[in-house]
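Residue-level listing of the chains:
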Amino acid sequence: MGLGQSTEYGGQTSSPEKSNRVSDKTLEELSYVLAERFATKCFTPLELTHLKDNFFSRAIDQGGLKYWNEKILSDFLGIPDSSDSQCPLDAGPVIFRMVSYLGAFPFQNTLAPSVLTFEAMVKVVVLLTERYGKVLRRARRDRIRLLFGSLADVGRKSVEQQNDGDEVGEDADAPAPNSHVPGFAIDEPANDDYEDEEDDDLALAALESLDAIEVFKHDSRMDRAVYEARISASTLRRLLMLLIVISPLKPLEPVKTFTSDLKEKRMGAVRSEADSIMAAFNHEPSGGISYRDFARTVTSSFPYLFDPLTPLFEHLLFSRNLNLSQKRNRADSTASEPVEEAPEDDLPSPPTITLPGSFESVILNPSVVSHLSFFLPSSSESLNFLRGNVRLHPVFSTVAHGSSLTSFSHHVLTWSSGTLLVLEGTNPAGEMVTIGAYLPQPWKSPTSSQSSSKFSDSVLPCLFQLSPKHLLLQGNPSPSVKEQSNIPAAYFSTSSGISIGCQIPPSSRSNKKPPSPHGAGSLTIDVSLETAQFHVAPVVRNGVFLPPPPGSIPDSTVKTTIEIYNLEVWGLVPDLTTTSAEGGKSAVELQQAKWDFEAREAERRRSVNLKTGGSAAEESARWLLETAGLIGDGAGRRAGGSV
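Each value, and the rule that gives it
Residues numbered from 1 in each chain as written. Predicted model: local features only at pLDDT ≥ 70, side-chain atom pairs only at ≥ 80, totals over all residues. Heavy atoms only, no water. Helix = DSSP H or I, 4+ residues; strand = E, 2+ residues; numbered from the N terminus. Buried < 20%, exposed > 50% of the residue type's maximum accessible area, 1.4 Å probe, protein only. Contact = heavy atoms within 4.5 Å. Areas by Shrake-Rupley, 256 points an atom, 1.4 Å probe, with all protein chains shown as cover. Salt bridge = Lys/Arg side-chain N within 4 Å of Asp/Glu carboxyl O. 1 Å grid on protein atoms, 1.4 Å probe; cavity = no way out; pocket = protein on both sides within 12 Å on 5 of 7 lines; lining within 4 Å. Points joined across faces, edges and corners; volume = space filled by probe spheres on them. Axes fitted to C-alpha atoms, helices over the stretch in contact; angles between N-to-C directions. Parallel < 35°, antiparallel > 145°, perpendicular 65-115°, else oblique. Left-handed = near helix turned anticlockwise from the far one by under 90°. Nonpolar A, V, L, I, M, F, W, Y, C, P; charged D, E, K, R; others polar. pLDDT = per-residue confidence, 0-100. Core = buried A, V, L, I, M, F, W, Y, C linked by side-chain atoms within 4.5 Å.

A. Spotlight on the overall build of the chain. A tally of helices and strands in the chain yields 22 helices and 17 strands. Here the chain, with 643 residues, has 50% of them falling under the buried criterion. Contacts in the chain between residues at least 24 apart in sequence constitute 71% of all its contacts with a sequence separation of at least 6. When the accessible area of the chain is evaluated, it comes to approximately 30400 Å², of which 50% is carbon and sulfur surface.

B. Examining the pattern of salt bridges more closely. A full pass over the atoms with the stated rule returns nine salt bridges. Of the charged contacts in the structure, one is a salt bridge between R387 and D307, with a shortest N-O distance of 3.6 Å. With R387 in the loop between α16 (366-373) and β5 (391-397) and D307 in the loop between α14 (291-301) and α15 (309-313), this residue pair connects regions lying 80 residues apart in the sequence. Taking relative accessible area as the criterion, R387 reaches 31% and is therefore assigned partly exposed. The class of D307 is buried, set by a relative accessible area of 10%. Three or more residues joined by partner-sharing salt bridges are found here, namely E47, R131 and E314.

C. The arrangement of the environment of Y132 in detail. Residue position: Y132 is located in the loop between α7 (118-128) and α8 (144-151). Its relative accessible area of 1% is what places Y132 among the buried residues. A sequence separation of 95 residues divides Y132 from R37, and the C-alpha atoms of the two residues are 9.9 Å apart.

D. Structural detail: empty space enclosed by the protein. Counted under the stated rule, the structure contains three cavities of 30 Å³ or more. Here the largest cavity defines a volume of roughly 80 Å³. Lining the largest cavity are 14 residues, with A280, T297, S301, P549 and S552 sitting closest to its centre. When residues of the lining of the largest cavity are traced back to their parent elements, those giving at least two are α14 and β9 (471-474).

E. Broad picture of unusual backbone geometry. A cis amide bond links F105 with the next residue in sequence, P106, at an omega value of 5 degrees. Residue position: P106 is located in the loop between α5 (92-102) and α6 (108-111). Note that the residue after S467, namely P468, is joined by a cis bond; omega there is 5 degrees. Tracing the chain through its elements places P468 in the loop between β8 (462-467) and β9. In this model, E130 sits at a positive phi of 55 degrees, which is unusual for a non-glycine residue. Mapped onto the fold, E130 is located in the loop between α7 and α8. Relative accessible area serves as the criterion here: at 29%, E130 is assigned to the partly exposed category.

F. Seen up close, the packing of helix α13 (residues 264-278) against α16. Axis separation between α13 and α16 bottoms out at 8 Å; the angle between their running directions is 30 degrees. If you check the angle between α13 and α16, you find them roughly parallel. The handedness of the crossing between α13 and α16 is right-handed. Across from R266, A269, V270, E273, S276 and I277 in α13, the residues of α16 making contact are P366, S367, V368 and H371. Here the residues of the contact of α13 with α16 are counted per class, giving five nonpolar, three polar and two charged.

G. View of the confidence of the model for the chain. Looking at the chain as a whole, its pLDDT mean stands at 78, while 69% of the residues score no less than 70. Looking across the chain, the model is least confident in helix α1 (residues 16-23), with a mean pLDDT of 42, and most confident in strand β6 (residues 419-426), with 97. For residues 446-450, every residue scores under 50 in pLDDT, and the model assigns this stretch three contacts once sequence neighbours within four places are set aside.

H. Broad picture of the packing of α5 against α8. Between α5 and α8, the shortest axis-to-axis distance is 8 Å and the interhelical angle comes to 120 degrees. Classified by the interaxial angle, the pair formed by α5 and α8 is oblique. When the axes of α5 and α8 are compared, the crossing they make is right-handed. Side by side, α5 and α8 meet where V94, R97, M98, Y101 and L102 of the first sit next to L146, L147, G149, S150 and L151 of the second. The residue inventory of the contact of α5 with α8, partitioned by class, reads seven nonpolar, two polar and one charged.

I. Up close: the nonpolar core. In terms of nonpolar packing, the biggest core is built from 77 residues, with W68, I95, F294, L309 and F313 touching the most fellow members. When residues in this core are grouped by element, the largest group, nine residues, is from helix α11 (residues 233-246). Not counting residues within four places of it along the chain, the set of residues in contact with I95 comprises L73, L77, I79, L239, L242, L309 and F313. Counting 38 residues, the second largest nonpolar core, distinct from the first, contains V412, I564, L567 and V573.

See below:
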């Protein structure tokens, strides 16, 4: 089922003779051998059959060489291309550029851009769907460096010779003290983006599997002191816009479901989120984004940014031409003709992550949800919350439920799973600001029983800003922080409001101090739910949240005051299929049971107080109003809660 018969290189054991034979091969031949191993070990026979059918039924045949061009790739994947008329999402050239680079793996510096032959497409699919583990066992599951190279422009550096006229010799890698580099501005040493410990692990592992590790020195290192790379802002922005549009994509789901209706309002929201994400990357003074900043920002702020590429390229592993329920009277299945695509009018509506409930969001639109999916995990930290099939249940909204803390308590403290809190408003400069907190564990009140969440304890809370600039403060995994009960992730009190990431003062009748900001980040919301304070510190690591990446904020603590327009709390509902299989009641059912109990208690009190009358009836009436969130509760009643 491979690309062809290859008994000479099919074994996994190495020997001096084999090493010599491999080293005598050209880079093109070594690349072919790796593609064959990928094909036979990373795909099932059925997947490889579908991949062959998809490729050869659409390939251009030029002198016996079959390949794909940009239009074929864009049409098959269903992504907008520059050849489309009035194209608002010009992502086709970016994707074609990426796959042309990846198709040359592991000799990108020498062979890229590659012609998209079948062998090249095999490597592209394996790399972008992260199936390379069966062949590249020693490689880290980290595509950041590879993806950077596929997007970056390489510029040649000009290094001035030293004043004494010495020729470059053994110290060629050392930077000139006063050298000036035109074009891209770089920090000394000139080669700081390519430290020895930053070797391309995937390329190294690939060449080790071919017993051709010496080739790496020729292909990957010979030009490190001469060339440098930067991703242009335009290239990254176009890719980001595509990822925002297709982030909910599931395997084998039609891509055009998400790309066929890109009207002005939708594209405006997509551009807004792309701009907020772009603002998180540091841009070099001469233009472009360096590898070091790209890797640091993606790792710390967008761990799931490139996840949509996996289901996108898995489309190549399913052919609509093949009908395996019927026998075909031909030996070569690759000769089939492409089937007609479904008309756009028949495409299903894009799925929604929100469940029906008491309100519809005025903050979360599809583009904002996509933005969230780039850094929020599901019930397991290995998947983002879209790929993990998490759903959002409406719990509380100031639009639907008012700005009462009692109403907030009634709706939020009765929810027995994790929550997502988001608010939007304006800062003193009049800019729209969107801030939120991801709390995978349920809120708890002093009088309620302990409730457990379906989310793993390894899934940490986080505090974030979505606009005008993306900022992420990840949860602190330190056990010492979790053991301190006076710094909960979130705290609620009718006297001080909502506090996230704050230090709670000791309770005292004589001295009622409000919670104070603590650690690298905190969010406080006043009792009227009208004003919020967002605190971010650059280096402190003793709180619930860790500092943001270096350079993303000033060197001093930043305090932002926000006039709240809307505040929403959404319940995190894990994968419904998994929850039903495990048995037990869902968080929605448990909350409804608590509300039913409160209603029964209210009815019981009313029936008793009708007989007694007097102050007891007044007390019952007051309790009903408090439960409904219409009035505030008295001193000492439901004083607070935390998570």
